[in-house]
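This is what each chain is made of:
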Amino acid sequence: MAIALRFSSTLTFSRTDSFGPLPVRLQLNLPGRRDVKLNIQLMATAGSIPMQGPPGHLSALRRHFEISLYFLLLTSVLTLVSTGKLDLVTIFLLPTAMLFKGYRWWHGKGPEISNRVANWMTIGYFIFFPVDLWVISRVLARGAQNPGLYGALLATVHLMLFAIVVRLFSASTTRDYLFLTMMAFAAMLASAILTVDTVFLAFFIIFLALAVSTFVGLEMWRSAQGAVTQPLEEGTGPAHRLHNSLGMTSAGIALGSIAIGAVIFLLLPRFNGGYMSGFNLQPTLVSGFSNDVELGEIGTIKKSSMVVMRIKVDGGLDAARGVHWRGVALTEFDGKRWFNEPHEPTTLTPGADAWFHLNARKPDPQAAGLPIHYTVLLEPISTTALFFANEAESVRGRFSSDNDATPFGQRRAFLLQDPMGAIFNPYNNYSRLQYEARSVMPTPPPAAVRTAGTDYPESVRESYLQLPPLDSRIPALAAQIAERGNTPYDKARAIESYLRAHYGYTLDLTGTPPADPLAYFLFEKRAGHCEYFAAAMTVMVRSLGIPARYVNGFLTGEYNDVGGDFVVRASDAHSWVEVYFPKYGWLTFDPTPPSDEKPLGMFARFLRYWDWFDLQWSEWVINYDFVHQFTLAQNLTRVSRDWTERVRIAFAQARQRATDAVERWQTGLLHTPAAVPATIGIVALLAAGVLFLQPRVRQRLIALWHLRVVPAAEMTPHLATIQYNEMLRLLAGRGIRKRPSQTPLEFAVSLPDANLAAPVQELTTMYQASRFGGQTADARRASSILSLIQASLRAS
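*Asks:* Give a detailed account of the nonpolar core, specifying residues and quantitative values.
*Replies:* If you look at the biggest cluster of nonpolar residues, it comprises 46 residues, and the most contacted ones within it are M540, F581 and F589. Broken down by element, the residue count for this core peaks at nine residues, all from helix α15 (residues 530-543). Counting residues in each nonpolar core, the second largest holds 42 residues, with V313, I372, F387 and L415 among its members.

*Asks:* Quick one: what's the story with helix α23 (residues 779-795), residue by residue and with numbers?
*Replies:* For α23, which comprises 17 residues, the first-to-last C-alpha distance of 24 Å matches the rise-based estimate of 24 Å (1.5 Å per residue) to within 8%. The set of residues buried in α23 consists of A779, A782, I785, L786, I789 and L793. The buried residues of α23 all sit within an arc of 115 degrees when viewed along its axis, so they share a single face. Along α23, the residues that are exposed and aim more than 90 degrees away from the buried face are R780, L788, R794 and A795.

*Asks:* A description of the sheet that holds strand β4 (residues 292-294) should follow, citing residues and the corresponding values.
*Replies:* Pairing in this open sheet of three strands is antiparallel, and the strands run β4-β8-β7 from one edge to the other. Each edge of the sheet is formed by a strand with only one pairing partner; in this case those strands are β4 and β7 (332-333). With two bridges joining them, β7 and strand β8 (residues 337-339) adopt antiparallel strand pairing. In the strand pairing of β8, E332 is matched with F339. Relative to β8, α15 is tilted by about 70 degrees, and along the sheet it contacts β4, β7 and β8.

*Asks:* Before we move on, could you go through a nonpolar patch on the surface and cite the residues and values that matter?
*Replies:* A cluster of nonpolar residues, F128, V131, W134, V135, I136, V139 and L140, forms a patch on the protein surface that exposes about 610 Å² of accessible area. Tracing the backbone through its elements, the reader meets V131 in helix α3 (residues 115-140).

*Asks:* Account for the packing of helix α12 (residues 473-481) against α15, with residues named and values stated.
*Replies:* As a packed pair, α12 and α15 sit with axes 9 Å apart at the nearest point and diverge in direction by 75 degrees. In terms of axis orientation, α12 runs roughly perpendicular to α15. Seen from α12, the contacting residues are I474, P475, L477, A478 and I481; seen from α15, they are V539, M540 and S543. Classifying every residue of the contact of α12 with α15 by side-chain character gives seven nonpolar, one polar and no charged.

*Asks:* Which residues make up the pattern of salt bridges, and what values do they have?
*Replies:* Taken as a whole and judged by the stated rule, the model has 17 salt bridges. Across the pair R104 and E112 runs a salt bridge, and its minimum N-O distance is 2.3 Å. Given a relative accessible area of 26%, E112 falls into the partly exposed group. Where D176 meets R167, a salt bridge forms, and the shortest distance between an N and an O atom there is 3.6 Å.

*Asks:* Explain the environment of F203 to me, using residue names and the numbers behind them.
*Replies:* Along the chain, F203 turns up in helix α6 (residues 198-224). Sequence separation of F203 and T79 is 124 residues, and the distance between their C-alpha atoms is 6.2 Å. When neighbours within four sequence positions are excluded, F203 is seen to be in contact with T75, L78, T79, S82 and M188.

*Asks:* Hey, could you go over the pairing of strand β5 (residues 307-313) for me, with residue numbers and the actual values?
*Replies:* Burial analysis of β5 places six of its seven residues in the buried class, the great majority of the element. Pairing geometry for β5 and strand β21 (residues 565-569), over four bridges, is antiparallel. Residue I311 lies in a different strand from β21, and its bridge partner there is F566. Sheet topology note: the β5/strand β11 (residues 369-378) ladder contains five bridges and is antiparallel.

*Asks:* Which residues make up the environment of D490, and what values go with them?
*Replies:* Note that D490 resides in helix α13 (residues 488-502). Separated by 44 residues in the primary sequence, D490 and P446 place their C-alpha atoms 9.0 Å from one another. Those residues within four positions of D490 in sequence are excluded, and the remaining contacts are R450 and G485. Looking at D490, its side chain comes within polar contact range of the side chain of T487, at 3.0 Å.

*Asks:* Account for the pairing of strand β22 (residues 573-581), with residues named and values stated.
*Replies:* Taking burial as the measure, the nine residues of β22 include nine buried ones, the bulk of the element. Burial along β22 is two-sided: the face carrying A573, S575, V577, V579 and F581 and the face carrying H574, W576, E578 and Y580 are both buried. As defined by bridge partners, β22 adjoins strand β23 (residues 585-589) across five bridges and the pair is classed as antiparallel. In the strand pairing of β23, Y580 is matched with W586.

*Asks:* Describe α12, and please don't skip the residues or the numbers.
*Replies:* Three or more residues of α12 are buried, namely I474, L477, A478 and I481. One side of α12 holds all its buried residues, which, seen down the axis, span an arc of 100 degrees. Considering only its buried residues, α12 is in contact with α13, α14 (517-525) and α15.

Cut-offs and rules
Residues numbered from 1 in each chain as written. Predicted model: local features only at pLDDT ≥ 70, side-chain atom pairs only at ≥ 80, totals over all residues. Heavy atoms only, no water. Core = buried A, V, L, I, M, F, W, Y, C linked by side-chain atoms within 4.5 Å. Buried < 20%, exposed > 50% of the residue type's maximum accessible area, 1.4 Å probe, protein only. Helix = DSSP H or I, 4+ residues; strand = E, 2+ residues; numbered from the N terminus. Expected span 1.5 Å × (residues − 1). Arc of directions from axis to C-beta. Pairing = 2+ DSSP bridges. Contact = heavy atoms within 4.5 Å. Axes fitted to C-alpha atoms, helices over the stretch in contact; angles between N-to-C directions. Patch = residues over 30% accessible without salt bridge, like charges linked within 9 Å, V, L, I, M, F, W, Y side chains within 5 Å. Areas by Shrake-Rupley, 256 points an atom, 1.4 Å probe, with all protein chains shown as cover. Salt bridge = Lys/Arg side-chain N within 4 Å of Asp/Glu carboxyl O. Parallel < 35°, antiparallel > 145°, perpendicular 65-115°, else oblique. Nonpolar A, V, L, I, M, F, W, Y, C, P; charged D, E, K, R; others polar. Polar contact = N/O pair within 3.5 Å; in protein donor to acceptor, adjacent residues only side chain to side chain.

In structure tokens:
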């Protein structure tokens, strides 16, 4: 049934979305019926106007692009959050806004705000930006190496993130989506400035794959605009195959880019330090390693699992068992804090061998101990203290600032040493610092230390016997514990053992700080962390007239058998006691009982691999320089030489095994009754195989048969041809070749060597006479001439 309508129409075209084919709005006004209006949505394409599905329907290409773009933005935002350098408000609100937008996008919801509102919001933030730059971000940047620069960076990051969120909630055109992709890239650049750890690497690989997928999807979508064919519908089989193909293609391109980039990175010549190796805007704050420490500071950082340093010890676990990484030693105590009186440190400079020699005293032969050599990779921490096993004898490393180089590249480096033996880097540890050191771990026999006596130097008495006013119960308890000790060593050991046995370990010291922390710890709480144990023992030993000092540092750490190094975390921060004995110096005492910390369980192994990977990332990427490049080239040369030798040996062994097998087979064959039939069968197989060989090989075998195996007595045309071809083959092997235009005699006459030309001419004459003249000749003579030619060629 056909319906004919007579109407006047108004046809208007309007492009409402630059992302798809051109939408056409067709409005039909029927004459005489003003209450009837028919709006038809069409899609204009090249050559046809196909009907489009429901208004919210998306094609497969656009859906792929939107999903890729959303996860690209989410990855860049999470990378920024994972740096740990943003404020809590941004860390919470930004992912929340992204997840909310993703939920609405997944359900086909359109923009939440208009472009007009988005523009006004952006203008408003630009007015607010100076407040963020000079006030908010400056507050967040306190404690940074360069607060002004770090604050400006944070303010810029806030502006960028605000622009991402506003544009994401108002995006409706291709230009908006392109802007979002650029903002995602800028967010990754900001993340690279804030951190360069392995978490960034993982996010970067994901970001690279999503970036390829996003731009491929965008280009395919834009190219499909105006196409005659109907776009693929979402949810169909072809659409799923398209998503899978684009995903695999993006992953392949990303992996290929990473591989090529890694090769370029490793081979590009280096003339300075590694990438951003000396740059850290906000080092981690680690308190407790200065000349003024309040009780409780070490306990605060022990609650963190952050990695402070990694140490590789020559000899591994056995060589470092029980080692304490010594930071600072403190002498004065006022009842609540340990500190050192102001003093002038000693400036240390490296020797000709680039080593700083720290301990110039010659130890007493009786105090000799075990030498230990180790390498420390210290993370950026806001303390100038360096950490060593006991008191180090020498240390070597790059301690100078990158800005402190002379025009000829020589760096002015020095260290500072206080009277208590602590070593400080005056340039601050604002970047990862690697140094190697040598120490001697004292291991005197207890019986020998008991004979040390009490002849303390006057300087030791003045510095290490100071005590504040104490609760009378503290010295009384010390005297009670040590009453059975006859020597200072026995008394110190008795106090150490008593504290370890009668007091508990805890980090839970909440509540109002007591007026007398030590008395509260010893007689009321009877539990605490290492600071209270070390402070209590130092004070109690001093009350007995034995010099002692309070030391802050770190425990040995967790041994990672994957990387062969010790991972020292903030939770390994520790305090202990050093007691002085004449002739033996300062010996370590640790009165703190072991804590009840549980192992990490099933994830422990994974964390060790991850830590090893993080160490390699830092060593071979972040700090990659010319020295690493040279070392890598040496390693590759050695590995290639080793593999070449292994391959050569493997081939030689395989050849020997094959030869032995053939010899065993031959021996067995000769001693077998069926040897003759088997031999005949093998010869028959070989003869059959010759029939299928190439003509040149077959001709060569025939020539060898006639010339070597069964030489004939008379020259036949066939034999003459074989001998002449053999002569040409021998001459060609020496570079003398007969041109197709030459006759046999012309070729023989053209030879410049008279000694060679004579036999060649004679054999040529015999060849022509036998083949073309039907004359007989002596085949043995021809064979001898051929042998003469061969000998002449070998002699030439």
